[in-house]
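Residues per chain are reported as follows:
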Amino acid sequence: MTGSGPRSGSPRGLSRRAFVRTAVAIGGASALSACLGREDADVPQADLAPDERPDRQHAWNEFLATDDHGNVRPPEHHLLLGLEYVGDGPSDQERAQLEDALASVERAYRYGNDGLVSTIGYGPAYFDRFDDDLPGSVDLPEPEALAPIEDPELDGYDALVHLASDHGHVVLSAEEALTGDLDEVNDTPVEGTFGEIFEVADRRTGFIGEGLPAENQEGVTGIPDTEPVPEDAPLFMGFKSGFERNQASEDRVTIEEGPFEGGTTTHLSKIDLRLEQWYEQDSHEQRVAKMFCPAHASEDRVEGAGHNLGDASGVEGCIDDADDDARNAGIVGHAQKAGRAREDGDPIILRRDFNSTDDDRAGLHFLAHQQSIADFVKTRTAMTGSDLTAGAVGPINNNGILQYITVRRRANYLVPPRRHRALPTPIPE
Ligand code: HEM
């Protein structure tokens, strides 16, 4: 990985990253100044003006770093703000104010890992206040439970802001600027804030990147006291995820027509992880079988966290065996099952998930973009694989990673194209 910051072998570096993760989770002015004291505060200002950036808010990939295999390397620190609209419009004056706020933080930082990437999306609750319905080209249903074994709370926030950077202090400064607690950010004046428009109703934080889960596993509910998460793992479950060839392209997840052409949707779930059995009873071979597919395990294809896989998990060879593996081998892999939702050989959702220790519990904020929420539902249904377990011979607890995860909350948002990102009506223009 081409990431910033020291890794294993540098105790000072390890504690710095864990410290920054904690500060991002806490938030506020003192957490920000603590971060600035520990991190490199010298961050490049924007090289692209806000209106020179792509119209697609989700067009992050060409600006993000890549690893040695060409996989996109997501920013390390993430913040999600669930927002309630408290304005009395939405009015054009509020739209201008919100656009100024979003553009201010964009002007302050370069677009990329060492600066800031962001999106703002709007939930069904936001659009309910208008007389008009969303156009047929937008699929944005209310969130709902998606598996027989889950009973999630359904978020009803009006909007969701996603901020991400390799620097914790950048994420925190952007938050402080947007919420009106900073007049200047990275030597750039803050020209607008959420002010009387949005109140922050929910704050979720997290991280992804080699070494970060290992550094942040201590004392966290859901992870054994033996602190088993390997140092080379970018995620708590011990494997690399988001390979280039196992992601939908940004084109595939873009809304192609209508007033929101160039936009996308977000599905966000809050997932608790329970990794006691995962690490204490399952072997690496069993974990590989459950995460990827049984053939990957028997052929020993995954070394450690899977950095040897290059730019593809290589599950295409076993997707068609899912049914057979479930019925005869009694075990079926997570990626193998989810792969059944592919269209024309490619996945249809773009995963931008990250781990979390919010509430001192091991979790995953599963954030995915797709053209329609139906694409997410199709993929999640394939991942649940109820069809596979119906008459399966083997034990149901070998159904991918289902037994290790509990979905606590679900939410859907429309991420408009940049030109309509400030308080859109259902039929803008
Ligand atoms: C704790 C939760 C999860 C973890 C640790 C996890 C991890 C992984 C890993 C390691 C892979 C294989 C590598 C890759 O293709 O990038 C994978 C593939 C995938 N996962 Fe997950 N995943 C989780 C939850 C989910 C959820 C909730 C969904 C939603 C449906 C999902 C959808 C997918 C898809 C679509 C693929 C690619 C399948 C293909 O190649 O066609 N994952 N995941």
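Residues numbered from 1 in each chain as written. Predicted model: local features only at pLDDT ≥ 70, side-chain atom pairs only at ≥ 80, totals over all residues. Heavy atoms only, no water.

(A) Broad picture of the pairing of strand β12 (residues 405-415). Among the eleven residues of β12, eight are classified as buried, and the element is accordingly described as predominantly covered. With two bridges joining them, strand β3 (residues 153-154) and β12 adopt parallel strand pairing. Along β12, the bridge assignment pairs Glu 153 with Arg 409. As paired strands, strand β8 (residues 264-273) and β12 are joined by ten bridges and run antiparallel to one another. By the bridge assignment for β12, Ile 271 is matched with Val 407. (Buried < 20%, exposed > 50% of the residue type's maximum accessible area, 1.4 Å probe, protein only. Helix = DSSP H or I, 4+ residues; strand = E, 2+ residues; numbered from the N terminus. Pairing = 2+ DSSP bridges.)

(B) Spotlight on empty space enclosed by the protein. Summed over the entire model, instances satisfying the criterion amount to five cavities of 30 Å³ or more. Its volume calculated, the largest cavity comes out at about 740 Å³. Considering the residues around the largest cavity, the lining is formed by 38 residues, among which Ser 241, Met 291, His 334, Arg 351 and Phe 366 are closest to the centre. Elements represented by at least two residues in the lining of the largest cavity include exactly β8, α12 (334-338), β11 (363-370), α13 (373-384) and β12. Split by residue class, the lining of the largest cavity holds 23 nonpolar, nine polar and six charged. (1 Å grid on protein atoms, 1.4 Å probe; cavity = no way out; pocket = protein on both sides within 12 Å on 5 of 7 lines; lining within 4 Å. Points joined across faces, edges and corners; volume = space filled by probe spheres on them. Nonpolar A, V, L, I, M, F, W, Y, C, P; charged D, E, K, R; others polar.)

(C) View of the state of the cysteines. All chains considered together, the criterion is met by one disulfide. The disulfide partner of Cys 293 is Cys 318, and the gap between their sulfur atoms is 2.2 Å. Residues Cys 293 and Cys 318 share a disulfide whose torsion about the S-S bond is about -90°; that sign makes it left-handed. Pair noted here: Cys 293 is in the loop between α8 (284-291) and α9 (294-298) and Cys 318 is in helix α10 (residues 316-319), with a separation of 25 residues, a long-range link. (Disulfide = S-S within 2.5 Å.)

(D) View of the pairing of strand β2 (residues 117-122). The buried fraction of β2 is high, at six of six residues. Residues Val 117, Thr 119 and Gly 121 point to one face of β2 and Ser 118, Ile 120 and Tyr 122 to the other, with burial holding for every one of them. Note: β2 against strand β4 (residues 159-165), six bridges, orientation antiparallel. Residue pairing in the sheet places Gly 121 in a bridge with Leu 160 of β4.

(E) Looking closely at the environment of Thr 406. Within the secondary structure, Thr 406 is located in strand β12. Separated by 255 residues in sequence, Thr 406 and Asp 151 have C-alpha atoms that sit 9.0 Å apart. Not counting residues up to four positions away in its chain, the partners in contact with Thr 406 are Lys 270, Ile 271, Asp 272 and Arg 274. Within polar-contact distance, the side chain of Thr 406 engages the side chain of Arg 274 at 2.4 Å. (Contact = heavy atoms within 4.5 Å. Polar contact = N/O pair within 3.5 Å; in protein donor to acceptor, adjacent residues only side chain to side chain.)

(F) Layout of helix α2 (residues 29-38). Among the residues of α2, Ala 31, Leu 32 and Cys 35 are the ones counted as buried. Viewed along the axis of α2, the buried residues span an arc of 100°, placing them on a single side of the element. Opposite the packed face of α2, turned more than 90 degrees from it, sit the exposed residues Ala 29, Ser 30 and Gly 37. (Arc of directions from axis to C-beta.)

(G) The pattern of salt bridges, seen in detail. Under the counting rule described, the total for this entry stands at 32 salt bridges. Between Asp 155 and Arg 409 there is a salt bridge, with the nearest N and O atoms lying 2.7 Å from each other. Taken together, the positions of Asp 155 in the loop between β3 and β4 and Arg 409 in strand β12 put the pair 254 residues apart, joining distant regions of the chain. Taking the relative accessible area as the measure of exposure, Asp 155 reaches 7% and is therefore buried. Where salt bridges share partners, they join Glu 153, Asp 155, Asp 202, Arg 204 and Arg 409 into one cluster. (Salt bridge = Lys/Arg side-chain N within 4 Å of Asp/Glu carboxyl O.)

(H) Structural detail: the side chain of Asp 202. Counting through the fold element by element, Asp 202 comes out in strand β7 (residues 198-207). Exposure remark for Asp 202: the relative accessible area of 17% places this residue in the buried category. Among the polar contacts listed, one links the side chain of Asp 202 to the side chain of Tyr 157, at a separation of 3.1 Å. Setting aside residues no more than four positions away along its own chain, Asp 202 makes contact with Leu 80, Leu 81, Gly 82 and Tyr 157.

(I) Focus on α13. Spanning twelve residues, α13 covers 16 Å between terminal C-alpha atoms, matching the ideal 16 Å at 1.5 Å per step. Turning to α13, its buried residues are Ile 373, Asp 375, Phe 376, Thr 379, Arg 380, Ala 382, Met 383 and Thr 384. Along its buried surface, α13 packs onto β8, α12, β11, α14 (386-389) and β12. Positioned one or two residues after α13, Gly 385 has a phi angle of 65°, which is positive. (Expected span 1.5 Å × (residues − 1).)

(J) Structural view of the layout of surface pockets. What the largest pocket holds in volume is close to 620 Å³. In this structure, the largest pocket is lined by 33 residues; those nearest its centre are Val 72, Arg 73, Pro 74, Ser 241 and Gly 242. Partitioning the lining of the largest pocket into residue classes produces twelve nonpolar, ten polar and eleven charged.

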